[in-house]
Amino acid sequence: MEALNFKRSAADPDAIHILRRTPLMALAVAAFGIGTSEFIIMGLLPNLSDDFHVSIPKAGVLVTGYALSVTIGAPLVAIATARLERKFALLLLMGIFTLGNFACAIAPTYNLLFAARVLTALCHGAFFGIGSIVAANIVPRNQRAQAIALMFSGLTLANVLGVPAGTALGQAFGWRSAFWAIVPIGLIAAAALFWLVPKQPHGTSGLIHEFRVLRQPQVLLVMFMSVLTSASLFCVFTYVAPTLETITHVSPHGVTLTLLLFGVGITIGNLAGGALSDWRPVAFLVGSLLVLLASLGVLYLAEPYTIPAVAMILIWGAIQFAAGAPLQSRIVEHAAEAPNLASTLNQGAFNFGNATGATLGGALLTAGFGYRTLPIASAAVTVLTLVLALDYVRRGRLARKLEPLVVEG
């Protein structure tokens, strides 16, 4: 009778729904650790500068070096792990990530710390690339964007919980303690992946075939949109603290609170965007970019006023992440025959956009344009993203019209 009850519960749709979500939670825990490790360095730059006797700009190279390592190194790691069973690949990457943070915690010199950060960054893009494929494979096709968004919720929650807690820990007990705290997170994530994630098939396509898939216009368009949506975000977000202090006249404590609200906003936007893009993926992509343009206009108008500015940063963050939510699932969809490299490269595209957006904002400020020009520049980048999205829609419609002709031929 107990066996019968178990079979009945296992066949129950709610039970299956829960079982499908459990591996996604393991992926989210791993994403939380990776996100915390990536962003925590920003709050620890003064401590690192004092400890290693380097300037703040040189300490800031740890941030740039990480982003570039994700962009350049992740595709190489994806190629190296392409023939591995995907669960094993995730475990291997999480092990290297944990080792890298251990190396950060004990690094005796700045150069060794930089090398350890590069090591952890190499795992970043490949983990999210392969993890996106695993997340998409364990749910029905019409829930793929939600599954990927749930995994990435760990990354957004890192900004809400992991980074503030780690920064406070590092400021109270030294920057090394922040990296020591990430090590057990990596071990917990590895254990969760081992016990909860089902085995996945390894990639079967060769390297040449992987690169052929990347030549598809739809795949390239999604990657360019990933770069631009990320650049739009970081053009404003990189300089949000000085903007709030000089334009909105918010206190340092108020800036911290606003950044916390921003973290809440991007978490909500990520999950909502995943659900809505499963409903109408292409229509949602275009619609969310239009709403994003409107939010940037309102943010520009609201910046001089404290409550409207803080509220709009939360809303803008949610819309920004909702607009980016469909892109990773689109890559998985279009590159289904050779997803490893494409999915990982898309993560590199997001990180390249991070650096591009920060550079664009910095160039405008260096040229003498004020902080209030940043939402306008971000809106211009979003317009370009919208143009690419409309071209993506046009190509999709054309492909559907030609499909019956190809079948008949």
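Residues numbered from 1 in each chain as written. Predicted model: local features only at pLDDT ≥ 70, side-chain atom pairs only at ≥ 80, totals over all residues. Heavy atoms only, no water.

Draft legend 1. Seen up close, the overall build of the protein chain. From N to C terminus, the protein chain includes 16 helices and zero strands. Taking all 409 residues of the protein chain together, the buried fraction comes to 52%. Within the protein chain, contacts between residues separated by at least 24 positions form 84% of all contacts whose residues are at least 6 apart in sequence. Put simply, the protein chain shows about 18100 Å² of open surface, and 72% of that area lies on carbon and sulfur atoms. (Helix = DSSP H or I, 4+ residues; strand = E, 2+ residues; numbered from the N terminus. Buried < 20%, exposed > 50% of the residue type's maximum accessible area, 1.4 Å probe, protein only. Contact = heavy atoms within 4.5 Å. Areas by Shrake-Rupley, 256 points an atom, 1.4 Å probe, with all protein chains shown as cover.)

Draft legend 2. Quick peek at helix H10 (residues 217-237). Spanning 21 residues, H10 covers 30 Å between terminal C-alpha atoms, matching the ideal 30 Å at 1.5 Å per step. Counted residue by residue, H10 has 17 buried out of 21 residues, so it is predominantly covered. (Expected span 1.5 Å × (residues − 1).)

Draft legend 3. Summary view of the packing of aromatic side chains. All told, the structure shown has 10 aromatic pairs when counted by the stated rule. Ring geometry for phenylalanine 52 versus tyrosine 110: centroids 6.4 Å apart, planes at 75°, classification edge-to-face. Here the residue phenylalanine 52 occupies a position in helix H3 (residues 45-52), and tyrosine 110 occupies one in helix H6 (residues 110-137), the gap between them amounting to 58 residues. Each of the two residues, phenylalanine 52 as well as tyrosine 110, counts as buried. A ring pair is formed by phenylalanine 102 and tryptophan 180, whose centres lie 5.4 Å apart and whose planes are at 75°; its orientation type is edge-to-face. Of this pair, phenylalanine 102 sits in helix H5 (residues 86-106) while tryptophan 180 sits in helix H8 (residues 175-196), and the two are 78 residues apart along the sequence. An aromatic cluster is built from Phe52, Tyr110, Trp175 and Phe179, whose rings are joined through pairwise contacts. The positively charged end of arginine 372 is found above the aromatic ring belonging to tyrosine 300, 4.2 Å away from the centroid. (Phe/Tyr/Trp six-rings, centres within 6.5 Å; stacked < 30°, edge-to-face > 60°. Lys NZ or Arg CZ within 6 Å of the ring centre and 35° of its normal.)

Draft legend 4. The arrangement of H6 in detail. Over its 28 residues, H6 extends 41 Å from the first C-alpha to the last, a length consistent with the 40 Å expected when each residue adds 1.5 Å. The buried count for H6 comes to 20 of 28 residues, which makes it a mostly enclosed element.

Draft legend 5. Local environment of the pattern of salt bridges. Taken as a whole and judged by the stated rule, the model has three salt bridges. The salt bridge involving arginine 372 is made with glutamate 303; its shortest N-O contact spans 3.6 Å. On the criterion of sequence distance, the pair formed by arginine 372 in the loop between helix H15 (339-366) and helix H16 (373-408) and glutamate 303 in the loop between helix H13 (281-302) and helix H14 (306-334) is long-range, its members being 69 residues apart. Judged by its relative accessible area of 26%, arginine 372 is partly exposed. For glutamate 303, a relative accessible area of 5% gives the class buried. Across the salt bridge formed by arginine 395 and aspartate 391, the nearest N and O atoms sit 3.2 Å from each other. With arginine 395 and aspartate 391 both in helix H16 and four residues apart, this pair spans about one turn of that helix. Under the relative-accessibility criterion, arginine 395 is labelled partly exposed at 32%. One network of salt bridges, with partners in common, ties together Asp391, Arg394 and Arg395. (Salt bridge = Lys/Arg side-chain N within 4 Å of Asp/Glu carboxyl O.)

Draft legend 6. Broad picture of the environment of alanine 115. Tracing the backbone through its elements, the reader meets alanine 115 in helix H6. Sequence separation between alanine 115 and glycine 100 is 15 residues; the distance between their C-alpha atoms is 8.9 Å.

Draft legend 7. A look at the side chain of threonine 36. With respect to the helices and strands, the residue threonine 36 is situated in helix H2 (residues 13-43). Once residues within four sequence positions are removed from consideration, threonine 36 is found in contact with Ala158, Gly162, Val163 and Ile182.

Draft legend 8. Structural context of the nonpolar core. Residues Leu27, Leu48, Phe127, Phe179 and Leu193 are the most contacted members of the largest nonpolar core, which totals 57 residues. Apart from the residues within four sequence positions on either side, leucine 27 is in contact with Leu90, Phe127, Gly131, Val134, Ala135, Met151 and Leu193. Counting residues in hydrophobic clusters, the runner-up holds 44 residues, among them Val250, Ile266, Leu285 and Leu299. (Core = buried A, V, L, I, M, F, W, Y, C linked by side-chain atoms within 4.5 Å.)

Draft legend 9. Quick look at the confidence of the model for the protein chain. This prediction gives the protein chain a mean pLDDT of 82; 87% of its residues lie at or above 70. For the protein chain, helix H1 (residues 2-11) is the element with the lowest average pLDDT, namely 36, and H5 is the one with the highest, namely 94. Taken together, the stretch residues 405-409 has pLDDT below 50 and engages in zero contacts with residues farther than four places along the chain or on a different chain. (pLDDT = per-residue confidence, 0-100.)

Draft legend 10. Geometry of the environment of leucine 314. For leucine 314, the position within the fold is in helix H14. On the basis of relative accessible area, leucine 314 is assigned to the partly exposed category, the value being 26%. With 51 residues separating them along the chain, leucine 314 and glycine 263 place their C-alpha atoms 7.9 Å apart. In contact with leucine 314, not counting residues within four places along its chain, are Leu261 and Gly265.

Draft legend 11. Representation of the packing of H5 against H6 within the structure. Running from N to C, H5 and H6 cross one another at 155°; their axes reach a closest spacing of 8 Å. Comparing the axis directions of H5 and H6 gives the class roughly antiparallel. Helix-helix and strand crossings are classified by hand; for H5 and H6 the assignment is left-handed. Here the residues of the contact of H5 with H6 sort into 17 nonpolar, five polar and two charged. (Axes fitted to C-alpha atoms, helices over the stretch in contact; angles between N-to-C directions. Parallel < 35°, antiparallel > 145°, perpendicular 65-115°, else oblique. Left-handed = near helix turned anticlockwise from the far one by under 90°. Nonpolar A, V, L, I, M, F, W, Y, C, P; charged D, E, K, R; others polar.)

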